[in-house]
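Topology and contacts: notes
Here is how the chains run, residue by residue.
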Amino acid sequence: MSTTATAVNNPGKSIWDGGQSPFKASYGKLMMWFFLLSDAFTFSGLLITYGLIRYSHPGYEGSPDAFTFSTEYWPIPEKVFEAVPFLHGVPLPLVFVGIMTFILILSSVTMVLAVEAGHRMDRKNVEKWMLWTIVGGLTFLGCQAWEWTHFINGSGGETLMKVFNGEKGVWETVSVMGAGLTANEYGPPDFAALFFFITGFHGTHVFSGVLLNFLIFYNTVTGVYDRRGHYEMVEKVGLYWHFVDLVWVFVFTFFYLI
Amino acid sequence: MNTDERNEVVVQPPDKEKINRIWRVALILGAVTALEFLVAFVVGAGVFKTSTFIIMTIVKAFYIVGEFMHLKHEVKSLIWSILIPMLFVVWLLVALIYEGGSIFAVR
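Quick look at the structure, then.

Rules of the game
Per chain, residue numbering runs from 1 following the sequence as it is written. Just so you know, chain letters begin at A and ligand numbers begin at 1, following the order they were written in. Totals for whole chains, interfaces and linings use all residues, but because this is a predicted model, local features are given only for residues with pLDDT of at least 70 and pairs of side-chain atoms are given and counted only at 80 or more. With hydrogens and water set aside, each side-chain value is computed from the structure's full complement of heavy atoms. In DSSP terms, a helix is any run of H or I states spanning at least four residues, a strand is any run of E spanning at least two, and both are numbered starting from the N terminus. Burial classes: relative accessible area under 20% of the type maximum marks a residue as buried, over 50% as exposed, and values in between as partly exposed (1.4 Å probe, protein chains only). By definition, residues are in contact when any of their heavy atoms lie within 4.5 Å. Areas reported here follow the Shrake-Rupley algorithm with a probe of radius 1.4 Å; residue values treat only the protein chains shown as occluding. Here Asp and Glu are counted as negative and Lys and Arg as positive; His is not counted, and neither are the chain ends. Here the site of a charge means atom NZ of a Lys, CZ of an Arg, CG of an Asp or CD of a Glu. Buried residues of nine kinds, namely Ala, Val, Leu, Ile, Met, Phe, Trp, Tyr and Cys, make up a nonpolar core once their side-chain atoms join them within 4.5 Å. The domain limits used here are those given by an automatic or database domain assignment. Should DSSP find at least two bridges between two strands, the strands are regarded as paired. By this rule the span expected of a helix is its residue count minus one, scaled by 1.5 Å. Between the rings of Phe, Tyr and Trp (Trp by its six-membered ring), a pair exists once the centres lie within 6.5 Å; its type follows the angle of the planes, with under 30 degrees stacked, over 60 edge-to-face, and the other angles tilted. Put simply, buried area is how much 1.4 Å-probe accessible surface two parts lose in total, over both of them, once they are put together. In what follows, salt bridge is the name for a side-chain nitrogen of Lys or Arg lying within 4 Å of a carboxyl oxygen of Asp or Glu. Only the stretch in contact is used when fitting a helix axis, every axis being a line fitted to C-alpha atoms; angles between N-to-C directions are given from 0 to 180 degrees. Oblique is the label for any angle not covered by the other classes, which are roughly parallel (under 35 degrees), roughly antiparallel (over 145) and roughly perpendicular (65 to 115). Each helix crossing is assigned a hand: it is left-handed if the near helix lies turned anticlockwise from the far helix by less than a right angle, otherwise right-handed if that turn is clockwise.

**What about the overall build of chain B?**
Summing up its helical and strand segments, chain B has 4 helices and 0 strands in all. Start at the N end of chain B and walk to the C end: the helices and strands fall as α-α-α-α. In terms of overall dimensions, chain B has a C-alpha envelope of 75 × 35 × 25 Å along the principal axes. Of all 107 residues assigned to chain B, the portion counted as buried reaches 30%. Taking the contacts inside chain B whose residues are at least 6 apart along the sequence as the reference set, 42% of them involve residues at least 24 apart. Accessible surface computed for chain B: about 7300 Å², of which carbon and sulfur atoms make up 71%. For chain B, the distance from the average position of its 10 positive side-chain charges to the average position of its 9 negative side-chain charges is 11 Å.

**As for the nonpolar core**
Ranked by internal contacts, the top residues of the largest apolar core, which has 90 residues, are Phe151(A), Phe191(A), Val234(A), Trp248(A), Phe255(A) and Tyr256(A). Residue assignment for this core shows that the elements contributing at least two residues are helix H2 (27-55), helix H4 (95-119), helix H5 (123-153), helix H6 (189-221) and helix H8 (232-257) of chain A together with helix H1 (16-42), helix H2 (47-68) and helix H3 (76-83) of chain B. Inspection of this core shows a minimum of three residues originating in each of domain 1 (1-73) and domain 2 (75-107) of chain B. Every residue in contact with Tyr256(A), bar those within four places of it in the chain, is listed here: Pro77(A), Phe81(A), Leu94(A), Val97(A), Glu147(A), Phe195(A), Thr199(A), Trp248(A) and Val251(A).

**Focus on the pairing of strand E2 (residues 170-176) of chain A**
Residue and element names in this part refer to chain A. Pairing analysis gives 7 bridges linking strand E1 (residues 159-165) to E2, with the strands arranged antiparallel. Note that in E2 the partner of Met-161 across the bridge is Val-174. Remark: 4 residues form the turn of the hairpin made by E1 and E2, two consecutive strands paired antiparallel; Gly-169 in that turn has positive phi of roughly 75 degrees.

**Some details on H1(B)**
Compared with an ideal rise of 1.5 Å per residue, which puts 27 residues at 39 Å, H1(B) spans 38 Å between its outermost C-alpha atoms and is within 8% of the ideal. Every buried residue of H1(B) is accounted for by Ile22(B), Val25(B), Ala26(B), Leu29(B), Gly30(B), Val32(B), Thr33(B), Glu36(B), Val39(B) and Ala40(B). Tucked inside the fold, the buried residues of H1(B) contact helix H3 (77-80), H4 and H8 of chain A together with H2 of chain B.

**Side note on H6(A)**
Taking 1.5 Å of rise per residue, the 33 residues of H6(A) would be expected to cover 48 Å, and the 48 Å separating its terminal C-alpha atoms lies within 8% of that figure. At the C-terminal side of H6(A), Gly223(A) shows a positive phi close to 80 degrees.

**Observations regarding the packing of aromatic side chains**
Residues and elements named next belong to chain A. Per the stated rule, a full pass over the model turns up 35 aromatic pairs over all chains. Their ring planes at 35 degrees and their centres at 4.6 Å tell us that Tyr-50 and Phe-255 sit as a pair that is tilted. Pair noted here: Tyr-50 is in helix H2 and Phe-255 is in helix H8, with a separation of 205 residues, a long-range link. Here the two residues Tyr-50 and Phe-255 agree in accessibility, since each one is buried.

**Focus: the interface of chain B and chain A**
Across the boundary between the two partners, chain B contributes 54 residues, which contact 54 residues of chain A. With both sides pooled, the region where chain B packs onto chain A buries about 4800 Å², and carbon together with sulfur makes up 78% of that total. Broken down residue by residue, the surface that chain B buries against chain A is led by Phe37(B), Phe68(B) and Met69(B), which jointly contribute 12%. On the surface where chain B and chain A come into contact, there are 0 salt bridges.

**Details of the environment of Arg227(A)**
With respect to the element layout, Arg227(A) can be found in helix H7 (residues 224-228). For the pair Arg227(A) and Val126(A), spaced 101 residues apart in sequence, the C-alpha separation works out to 15 Å.

**Some remarks on the pattern of salt bridges**
All names here are of chain A. One pass over the full model with this rule turns up 10 salt bridges over all chains. Ionic pairing is found between Glu-116 and Arg-120, a salt bridge with its closest N-O pair at 3.0 Å. Accessibility expressed as a relative area gives 6% for Glu-116, which makes it buried. What makes Arg-120 buried here is its relative accessible area of 8%. With a shortest N-O distance of 3.3 Å, Glu-172 and Lys-168 are connected by a salt bridge. Assessed through its relative accessible area of 25%, Glu-172 is described here as partly exposed. Residue Lys-168 is classed as exposed on the basis of its relative accessible area, which comes to 60%. What you see here is one network of salt bridges that share partners, running through Glu-116, Arg-120 and Asp-122.

**Let's talk about the packing of H1(B) against H2(B)**
Residue and element names in this part refer to chain B. At a minimum axis separation of 10 Å, H1 and H2 run at an interaxial angle of 165 degrees. In this view, H1 runs roughly antiparallel relative to H2, as classed from their interaxial angle. H1 and H2 meet at a crossing whose hand is left-handed. Residue-level inspection shows Arg-21, Ile-22, Val-25, Ala-26, Ile-28, Leu-29, Val-32, Thr-33, Leu-35, Glu-36, Val-39 and Ala-40 of H1 in contact with H2, the latter providing Lys-49, Thr-52, Phe-53, Met-56, Thr-57, Val-59, Lys-60, Tyr-63, Ile-64, Glu-67 and Phe-68.

Written out as structure tokens, the structure is:
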């Protein structure tokens, strides 16, 4: 359709010859898309590294009921992530990450609703939905803080783990509680390192997303976008926020489920 | 409330159809996540379980990117300039998983 319009206005010229935007998207939105593409590569790199390291370790062969933590094989994720706040000692595998996933998806929904309200110049509704999005983001960050604390402090039990002593240059069997960067009670040292790196990098994105959302909320309340005549900033930051949700969908599958 | 007199802001009424579609997509995302959760406990570990998870993740990604990020409704050339580069990820995935198996074999 656009080509016909161009042919009428500039005979012999294609939509790529300048004077219009062939992608029919503003500069800012386009650059946000390309930034997200590069960010997708970064996260792909991290998740694929997880796959590489996981497949270079032996998997657990026995029955899931008899599973114990060991540095000999990669742990079953649902045996590691089975704690829920206020329900200490009750094994509820994956329940908490499931809740976190729902929270992030819901905050993504409220973000689309904010973008939709922005299209209609409906300031009151943009304010309302942006506020819900911020609440969702903060709740997710709170959940992640709890999960990290639990992961670092451990389940309460100690596990005998083979740990490499760099000073003496030998492998030693020591009792490990919780998780750190050099050893953890759940499995090979790389397991905790990857957990910290991948969920940490994602959490940083959520954090900066909440800051950006707050900025948008502030500008909406002070009427910046009404004066500007459009709410495109909500859309651009919305793209970023959905991307953060998208990444979590992948982290949820590849880190917690598989 | 509008202190700037140069711009008279006209609020348009919400389009019910559009809002319903947003909630429908949200429902699909929630249902797929709930299904994943179910599969995690009902199905035993194996290739079938892994591929089920991967397919469900791609379904969710399709709805988030297509509907929420609105990519489905953009110009074709924009859709392809975002999707085609992702082929590099597929290549990296295949290459590094294969590499991981080799490291395991010599470990």
